[in-house]
Every structure is written in structure tokens, then in C-alpha cells.
Amino acid sequence: MKSFAFVFPGQGSQSVGMLDGWGDHPVVAETLREASDALGENLGHLIKDGPKEALALTTNTQPVMLVAGVAAWRVWSAEGGAAPVALAGHSLGEYSALVASGVLTLAQAAPLVRLRAAALQEAVPVGTGAMAAILGMEASKVIAGCAEAAASFGPGTAEVVEAVNFNDPIQTVIAGTKAAVDKACEVLKANGAKRALPLPVSAPFHSSLMKPAAEKLREALGGVALAAPAIPVVNNVDVAVREDADAMRDALYRQAFGAVRWVECVQALKARGVTHIVECGPGKVLAGLTKRIDPELVGAAVFDTASLAEARELLA
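Along each chain, residue indices are assigned from 1 in the same order as the chain's sequence is written. The predicted origin of the model limits local features to residues at a pLDDT of at least 70 and limits the giving and counting of side-chain atom pairs to 80 or more, whereas totals for whole chains, interfaces and linings rest on all residues. With hydrogens and water excluded, all non-hydrogen atoms of the structure serve as input to the side-chain values.

Asker: Even after reading the chapter, I still don't get the packing of helix α1 (residues 26-39) against helix α4 (residues 58-78), so can you show me in this structure?
Answerer: Helix packing geometry: the angle between the two helix axes and the distance between the axes. Note on method: axes are straight lines fitted to C-alpha atoms, helices fitted across the in-contact stretch only, with angles between N-to-C directions ranging 0 to 180 degrees. Strands here are runs of E lasting at least two residues and helices are runs of H or I lasting at least four, both read from the DSSP assignment and numbered beginning at the N terminus. Relative orientation of the contacting elements α1 and α4 amounts to 145 degrees, with a least axis distance of 9 Å. Considering how the two elements wind past one another, α1 and α4 form a crossing that is right-handed. Note on element contacts: α4 touches α1 through Pro 63, Val 67, Val 70, Ala 71, Arg 74, Val 75 and Ala 78, opposite Val 27, Val 28, Thr 31, Leu 32, Glu 34, Ala 35 and Leu 39. Here the contact of α1 with α4 is composed, by residue class, of 11 nonpolar, one polar and two charged. Helix crossings get a hand from a simple test, with the near helix turned counterclockwise from the far one by less than a right angle marking a left-handed crossing and a clockwise turn marking a right-handed one. Two residues form a contact once any of their heavy atoms are found within 4.5 Å. Throughout this entry, Asp, Glu, Lys and Arg are counted as charged residues, while Ala, Val, Leu, Ile, Met, Phe, Trp, Tyr, Cys and Pro are counted as nonpolar. The remaining residues, Gly among them, count as polar.

Asker: Any chance you could explain the layout of surface pockets here in plain terms?
Answerer: Sizing a probe to match a water molecule and rolling it over the atoms shows the empty space that remains. Cavity means a closed set of points on a 1 Å grid over the protein atoms alone, one where a 1.4 Å probe fits but cannot get out, pocket means an open set with protein on both sides within 12 Å along at least 5 of 7 lines, and lining means a residue has an atom within 4 Å of a point. Grid points are joined across faces, edges and corners, and a volume is the space filled by probe spheres set on the points. In this structure, the largest pocket spans a volume of roughly 810 Å³. Along its surface, the largest pocket is lined by 32 residues, and Gln 11, Gly 12, Asn 165, Leu 199 and Val 201 are the ones closest to its centre. Elements represented by at least two residues in the lining of the largest pocket include exactly α4, α6 (106-123), β3 (129-135), β4 (161-168), β5 (171-177) and α12 (285-293). Considering only residue class, the lining of the largest pocket consists of 17 nonpolar, 14 polar and one charged. Of the pockets and cavities examined, the second largest pocket occupies roughly 190 Å³. Surrounding the second largest pocket, Gly 17, Leu 19, Asp 20, Gly 23, Asp 24, His 25, Val 28, Ala 29, Leu 32, Gly 44, Ile 47 and Lys 48 form its lining. Of all the elements in the fold, those that place two or more residues in the lining of the second largest pocket are α1 and α2 (43-49).

Asker: Got a minute to help me understand the pattern of salt bridges in this structure?
Answerer: Between side chains of opposite charge, pairing is possible as soon as their charged atoms come close. Should a side-chain nitrogen of Lys or Arg be within 4 Å of a carboxyl oxygen of Asp or Glu, the pair is scored as a salt bridge. Summed over the entire model, instances satisfying the criterion amount to 15 salt bridges. Measuring nitrogen to oxygen at the nearest pair gives 3.7 Å for the salt bridge that ties Asp 20 to Lys 48. Separated by 28 residues along the polypeptide, Asp 20 in the loop between β1 (4-8) and α1 and Lys 48 in helix α2 bring together distant segments of the chain. Among the salt bridges present, the one from Glu 264 reaches Arg 261, with a minimum N-O distance of 2.8 Å. Taken together, the salt bridges that share partners define one network made up of Asp 238, Arg 242, Asp 250 and Arg 254.

Here it is in C-alpha cells:
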């Protein structure tokens, strides 16, 4: 068996019918029931039938992506799949990783991510925040361009723009107030970025503007018992493995308004001897990023019965 890690995708990989590829697998059905009971609503119906617009609402997207990632993990385990060397998750995906590691139960995690989503949405009025993907530019230049854009508004300004997702060596997502993000896009294109693409999101996730939401999350986390991880989880905010419950709570709190250091997370997994990184859940976004971060790593995905069989063969 090759040395591998499982990683879990976050918001943006959802789609109507994203669990259909598992057929009527009893593990998937039980996972849906468990999460639905915890939230008091039928997540299976939402995932299977949508509509797309409902699935795209942050307060819905985060719980359904949690469930989809956990379902894929549980099927892998139920079908005799070996345990990975380590786990990680992109943004929201970190909660799926913590469930897979046994730190949180799904019944604990589902209400937490629903609260997290609602708090993030409420932190900044719709239309006043924005995010954009900057392509074809090194992260250090994106950070410098954001600082240049923010400075252009003068001292004491309330305008904010920050680099918040370091997805691959030349793809960085920025977030902040709409005016500042728009200005940063202009600056970064003038400074040599290939593209600056506004993202269709409802809030400036992972920016310092999310601090009020993080405070609500911290209060909720204080009432949740966390177990020691059975499998190491590399977190987003520190690119570190935390095993103490208070340290894990603090990392999740800071993650809400801190950058997703995904390039470093993948590098940290490789440093643990990992040669293959398997995306566990809908889509292949992280598998694609893996190859761009380090061509020596092999990226794969597990999102239905066929891809699970392919992953098992790849890792054998």
C-alpha cells in the first residue's frame, strides 16, 4: 500500500445529485440520516433534488459538503480501505477531516458548520464584501498588490483587501470590502496577473472582516467536547497538527478569519512521507491543485463507487 493522505473539499464543489454515484449504499444513507437528524431537516432531499440555488446558499452548502465528504470517507472505510497517514481539509473541509479523525462526531459537526455558515453570512451585509481569484501571479506579489490597493484609500480607511486562500503557487484568492477588492484586481492586473476573476460568493470568507463570525463560532466550540485525533489532521491556519482540545478549538476559531494555507498543507503532507493525496468528496478540485503544487505528488479522488475502486487500485 502506497503512503497516502485524504483531503476534503470545501464550499464550491457542491452539485445537485452529488451523492447519486454511491447508489443506495447503506453507509451513505445512514450518514445522511445522522446529519439530517442533527439538523432537523432532510439533507438527502436537498442534495438529490436541489434546487441548485438552495444548495448554493452558504447555510446549506456547508452542511451538505460536510455530509458528502464524511459519506465518502465512511464508504472507503466500510469497504476495507486502509487508513491514511494524515488528513486535511480545505476551509470547511477541515471539519470533514476532523470527523474522519474522530475528533468530532457528525452529529456535533453538522450543527457547528450550520452555525459557522450563518455567522459568516451575517458578519458582512450582502453586497458590501467580495472575493476574487488571482491567476498567474506568485503569492508574494498578490500580498504586495493587496497592500498597495488598500493604501490607495488613504490612512484610517475602512476598506480592506487581503490574500485569503493560497490554493497553488500561482493561484491566490483575495477577499475584503467590494471597493478594495475591485481596486486590488486593477492593481494586480496592472502588475502582471494573468487574470483577476470575481467569485460568485456572498461574503468575504477567511478575511479579517469575518472576526465577528469567528467570535460566535468560538462560543459554540466551547460547548463541544473534542476527542483526540485517531489520524493526524494538518490544519489550515497554522499548517500544524494539534491534539489538545483547546488548541484544536482555537485553530478552528482562527480559521474562520485566517487564510487557508493550502499550498503549505500539501507540502506538510508530503513531508510526512505521503506520495498520493486522495480527495474525499464531490469533485476533483483539490486533486487538480495537488498536481500544480507538487508534480511529484499523485492526486486522485473518491466521490462514487467507480472512483473508489480506481483509488484502491492506484494505492495498492
